[in-house]
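Listed below are the residues making up each chain.
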Amino acid sequence: MTDAAPPRLARIAALPRPSFEDSAALTARRYAREARLKAMGIGAVAIALGLLLLLVGTIVVQGHSAFFQTHLRLDVTFDAADIDPQGARDPVALARADYQPVLNRALDQALPGVTGRQDRRALRGLLSAGAGAQLRDMVVADPSLIGQTRPVWLIADDEVDQFWKGHVDRDAPEADRRVDDRTIAWLDRLAAEGRIETQLNRLFFTSGDSREPEMAGIRGALIGSAYMMLVTLLVCVPVGIAAAVYLEEFASKSRMTDVIEVNVNNLAAVPSIVFGLLGLAVFLNVFGLPRSSPLVGGLTLALLVLPTIVVATRAALRAVPPSIRQAALGIGASRLQTVAHHVLPMALPGILTGTIIGMAHALGETAPLLMIGMKAFIVDVPSTPLDPASALPVQIYIWADSPERAFAQLTAAAIIVLLAFLVVLNSIAIYMRRKLERRW
C-alpha cells in the first residue's frame, strides 16, 4: 500500500518548473529593485546634505562680514582743557569727561573745509556713537595720553561699515541708498590717505548688547548661557541619573512605576514652551526668584532636559548584559554595590552621550527663556547667576527683530557661534562614546 502525497505537496509538484531563462529574469528584476531602493536612499541622503549645506552656506555668507569692522584712523589730540581741566587725573573725572570735542577736532583735521551745519553733522556721523567710549577707555587706562597727539583707529558708524563692506551699491541712485554721495566722497578721501581699514571685530566677542550695531557683542549672552548650562547641569544630571537608576534597577513593577515611566516618556515629547510656562508659574510667581536671571533659566531648562537624561540613562543601563549583575551578585555583592561598582561604570558611555546631547538641546532653546522674561535689553555682562542676563538663542532672536541692516549680519554671526558650540558638544559626545564604549 502506497501512501498518497499530501495535497499541498501535490499541488506544489504540479506547478510548472521555471526555466533557467525565467530564473535569470527574476534575479535581474530583484537586483533592479534593490538598485532602485539603494539609489533612492542615496538620493535622500544627498538631498538632506544639500539642504544642510545650503542652510549653513547661507548663514556663513550673510554673517561672515560681522566678524570684521570698519575703522577710521584719526590723529587725536587729547586736550587737557576738554578732558581734565583740573589736572587732577582723577579716574572718575576722566571717565565722566566729554570726549566729543576731541573727536570733532580730529575729524575736522582729517577732512578740512567742511562747513555748514548739515555737512558738519553728517561728518560727525562717520564715527560710531561709541567712539567717545573708546577714547575714554584709553585715557582711563593710560592718563599720560592727556596732552599728546596719537593716531587712533576709531569705530565707524554702522552705515559706513555696511557701505565699506560692499553691502551698499555705490552705483545705485542716491535716493535708494543710506549713504549719500557726500559721505562717499569723504570716505574715498580717507581711503586715499590710508585712513580706512577693516579689522577684526573684537567687540563682537568682548562687549554686551547695544542699540548701536557696531558696538553690540555676544559676551553677555555667552556668559548668561554658561551660567544657565551650569545650573542645568548641576540640577538635572544627578536627579535624572538617580531617577533612572531607581526605576531600572530597584523599583518593583507596579501600577505606580508604570504611570511614572509613561509620564517620563511623554514629558520628553512635550513642547518646550510648556516648560517655560511652568518656570514662569513656579520659579517666578511662587518662589519669587529673580526675573531674567540665569538661575531661573537654568532651572527651567533642567525641567526640559530631565526626561531626556532619564530615558537615555535607562537605555544605557538596559544595554549592560545581565551576566554582569548576576556575576556581581553571585560573589556576594549587594544590589547597591552591583549598580555602583559594575553597572553604572559600564553604562557610563551611554549616560554621557545622553547628557551631552540633552545639554546641547538646552543650549539652543529659546521659547522657555522668552516665557521667563529673558528677552529684556541687558547691556551689562552678568557676574553671578542671579544677575539679569540674556542667552545666546534669545540674543539671536532680539537681533533678528531689529530693523537696522547691520543687525542682520550680527544675527547670522551669532548663529554661526551657536552652531559651532553645538558641533563641539556633539563631537565631544561622539568622542566620549567611542572612547569609553565596550563591546560585549
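Residues numbered from 1 in each chain as written. Predicted model: local features only at pLDDT ≥ 70, side-chain atom pairs only at ≥ 80, totals over all residues. Heavy atoms only, no water.

1. Things to note about a nonpolar patch on the surface
And step 1. A surface patch of nonpolar side chains, amounting to about 570 Å² of accessible area, comprises Val45, Leu49, Leu52, Leu55, Val56, Val60 and Leu419.
And step 2. Among the elements that line the nonpolar patch, the one with the most residues is helix H2 (residues 20–63), at six residues.
And step 3. Within the fold, Val45 resides in helix H2. (Patch = residues over 30% accessible without salt bridge, like charges linked within 9 Å, V, L, I, M, F, W, Y side chains within 5 Å. Areas by Shrake-Rupley, 256 points an atom, 1.4 Å probe, with all protein chains shown as cover. Salt bridge = Lys/Arg side-chain N within 4 Å of Asp/Glu carboxyl O. Helix = DSSP H or I, 4+ residues; strand = E, 2+ residues; numbered from the N terminus.)

2. Here's the deal with the environment of Arg89
And step 1. Checked against the element boundaries, Arg89 lands in the loop between helix H3 (80–83) and helix H4 (91–96).
And step 2. On the basis of relative accessibility, which here comes to 34%, the residue Arg89 falls in the partly exposed class.
And step 3. For the pair formed by Arg89 and Arg405, sequence separation is 316 residues and the distance between their alpha carbons is 40 Å.
And step 4. In this view, Arg89 contacts Asp84, Leu94, Pro143 and Ile146; residues no more than four positions away in its chain are not counted. (Buried < 20%, exposed > 50% of the residue type's maximum accessible area, 1.4 Å probe, protein only. Contact = heavy atoms within 4.5 Å.)

3. Notes on the side chain of Ser207
And step 1. Note that Ser207 resides in the loop between helix H10 (203–206) and helix H11 (219–250).
And step 2. Separated by 2.7 Å, the side chain of Ser207 and the backbone oxygen of Leu203 make a polar contact.
And step 3. From its side chain, Ser207 meets the backbone oxygen of Met215 in a polar contact 3.1 Å long.
And step 4. Discounting chain neighbours no more than four positions away, the residues touching Ser207 are Met215, Ala216, Gly217, Ile218, Arg219 and Gly220. (Polar contact = N/O pair within 3.5 Å; in protein donor to acceptor, adjacent residues only side chain to side chain.)

4. Brief notes about unusual backbone geometry
And step 1. Phi is positive for Arg89, close to 55°, though the residue is something other than glycine.
And step 2. Within the chain, Ser292 stands out as a residue other than glycine whose phi angle is a positive 65°.
And step 3. Along the polypeptide, Ser292 turns up in the loop between helix H13 (272–286) and helix H14 (294–318).

5. A short note on the packing of H14 against helix H16 (residues 335–363)
And step 1. Look at H14 against H16: their axes get within 8 Å of each other, and the N-to-C directions meet at 150°. Here H14 is positioned roughly antiparallel relative to H16, judged by the angle of their axes. The way H14 lies across H16 gives a crossing that is right-handed. On H16, the residues that touch Leu301, Leu304, Val305, Thr308, Ile309, Ala312, Thr313, Ala316 and Leu317 of H14 are Val343, Leu344, Ala347, Gly350, Ile351, Gly354, Thr355, Gly358, Met359, His361 and Ala362.
And step 2. Of the residues that constitute the contact of H14 with H16, the class distribution is 13 nonpolar, seven polar and no charged. (Axes fitted to C-alpha atoms, helices over the stretch in contact; angles between N-to-C directions. Parallel < 35°, antiparallel > 145°, perpendicular 65-115°, else oblique. Left-handed = near helix turned anticlockwise from the far one by under 90°. Nonpolar A, V, L, I, M, F, W, Y, C, P; charged D, E, K, R; others polar.)

6. A few points about a positive patch on the surface
And step 1. Taken together, Arg29, Arg30, Arg33 and Arg36 make up a surface patch of like positive charges.
And step 2. Its location among the elements puts Arg36 in helix H2. (Lys, Arg positive; Asp, Glu negative; His and termini not counted. Charge placed at Lys NZ, Arg CZ, Asp CG, Glu CD.)

Just geometry here; none of it tells us what the structure is for.
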